[in-house]
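If you want the building blocks of each chain, they are given just below.
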Amino acid sequence: MVAIFKNGVVKLSKDCGYTWNSGVNISALGDISAFYLYANGTLAVFTNTKAYYIEDWTEYHEAACYETDGTLFASTTTSNFLLTKSHTERKFVNGKDIFMFTNYHEGTIVRSLVWCSFDQGHTYKIIWEFGSRNTPTPTGSWQIRHGHDVIYYEPEDIFILCTGDSNETECMVFTVSLDVENQSCEVSLVGGPAREYKWSNMALWNNEIYYTQDNTLGSVWKCKYEDIGDLSKHEKILDGLYSDPTCLIIGNRGEMVV
């Protein structure tokens, strides 16, 4: 399946782009910050402040968003749903199509949130919140500028999350153990803080973790899951990129786009 957004209308193809449905006009939503296509064909649509979903492909619906304690999320600050890439990795946990992501922002007062949907985009819940620089830390002892990426590492049934980024104290890699039944998680620091852990994006190939190092000149590295915390076992595979690499995707044949 492929979704396309053009002239205010989003359309779905179920045959790799040969034919398209009539689509849904979402121009009334304003600036769109991100999309995510669930495995069943439901499309998640995000603005900076709200989340929506298109399920029957006749109209869009606003998704309900919740705080960690289950109360309604009511923040109107920007960048609550700004993702850093298109998230091509599927994450099936206990048979559920789980979408976990962290918001990316440049501000000093925007909350640094880890969102998760357990019902294919109908609702989203904050399952973790980092401290944002000088703001209090609600659920963890780490303060960051923003989150960068989240991937699911199936062999260990664990999510891997990387953060940044204005100084080395904010550059870290975490594992997130998800409790699907209780819609909660446990977060553990496995790498950093250090400038070498300024990972901007991650991808998986042959059960190894590939990541871009968000430093100019940029580079791409790989490591095994069990070696995340040991930089001496990380291997550089691409160097001398002209600027900060902001996206890394590895296709199902092993082709890599940076």
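Residues numbered from 1 in each chain as written. Predicted model: local features only at pLDDT ≥ 70, side-chain atom pairs only at ≥ 80, totals over all residues. Heavy atoms only, no water.

Caption draft 1: Fine view of the packing of aromatic side chains. Applying the stated criterion to the full structure yields 22 aromatic pairs. Considering the side-chain rings of Phe-46 and Phe-101, the 5.3 Å spacing of their centres and the 65° angle between planes classify their relative orientation as edge-to-face. On the criterion of sequence distance, the pair formed by Phe-46 in strand S5 (residues 43-46) and Phe-101 in strand S11 (residues 99-102) is long-range, its members being 55 residues apart. Note on accessibility: Phe-46 and Phe-101 belong to one class, buried. A centroid spacing of 6.3 Å and a plane angle of 40° characterise the contact between Trp-128 and Trp-142, whose relative ring orientation is tilted. Residue Trp-128 is located in strand S13 (residues 123-132), and its partner Trp-142 is located in the loop between S13 and strand S14 (143-144); the two are separated by 14 residues in the primary sequence. For the residue pair Trp-128 and Trp-142, the accessibility class agrees, reading buried in each case. Each member of the aromatic cluster is reached from another via a ring pair, and the members are Tyr-36, Tyr-38, Phe-46, Phe-73, Phe-81, Phe-99, Phe-101, Trp-115 and Tyr-124. (Phe/Tyr/Trp six-rings, centres within 6.5 Å; stacked < 30°, edge-to-face > 60°. Helix = DSSP H or I, 4+ residues; strand = E, 2+ residues; numbered from the N terminus. Buried < 20%, exposed > 50% of the residue type's maximum accessible area, 1.4 Å probe, protein only.)

Caption draft 2: Structural view of a nonpolar patch on the surface. A surface patch of nonpolar side chains, about 280 Å² in accessible area, is lined by Ile-237, Leu-238, Met-256 and Val-258. Counting through the fold element by element, Val-258 comes out in the segment after strand S24 (256-257). The class of Val-258 is partly exposed, set by a relative accessible area of 45%. (Patch = residues over 30% accessible without salt bridge, like charges linked within 9 Å, V, L, I, M, F, W, Y side chains within 5 Å. Areas by Shrake-Rupley, 256 points an atom, 1.4 Å probe, with all protein chains shown as cover. Salt bridge = Lys/Arg side-chain N within 4 Å of Asp/Glu carboxyl O.)

Caption draft 3: Examining the sheet that holds strand S21 (residues 218-224) more closely. Pairing is antiparallel in the open sheet, where 4 strands are placed in the order S19-S20-S21-S22. In this open sheet, the two strands that pair with only one neighbour each are strand S19 (199-205) and strand S22 (235-241). Averaged over all pairs of adjacent strands, the angle between their axes in this sheet comes to 20°, without regard to strand direction. Here strand S20 (residues 208-213) runs beside S21; their pairing, made up of 6 bridges, is antiparallel. The partner of Ile-209 across the bridge, within S21, is Cys-223. (Pairing = 2+ DSSP bridges. Axes fitted to C-alpha atoms, helices over the stretch in contact; angles between N-to-C directions.)

Caption draft 4: Looking closely at the sheet that holds strand S1 (residues 2-6). Strand order in the open sheet made by the 3 strands is S1-S2-S3, with antiparallel pairing throughout. Sheet topology places S1 and strand S3 (24-25) at the edges, where each strand pairs with a single neighbour. Sheet topology places strand S2 (residues 9-13) next to S3; 2 bridges connect them, and they run antiparallel. Each bridged residue has a counterpart across the sheet, and for Val-10 the counterpart in S3 is Val-24.

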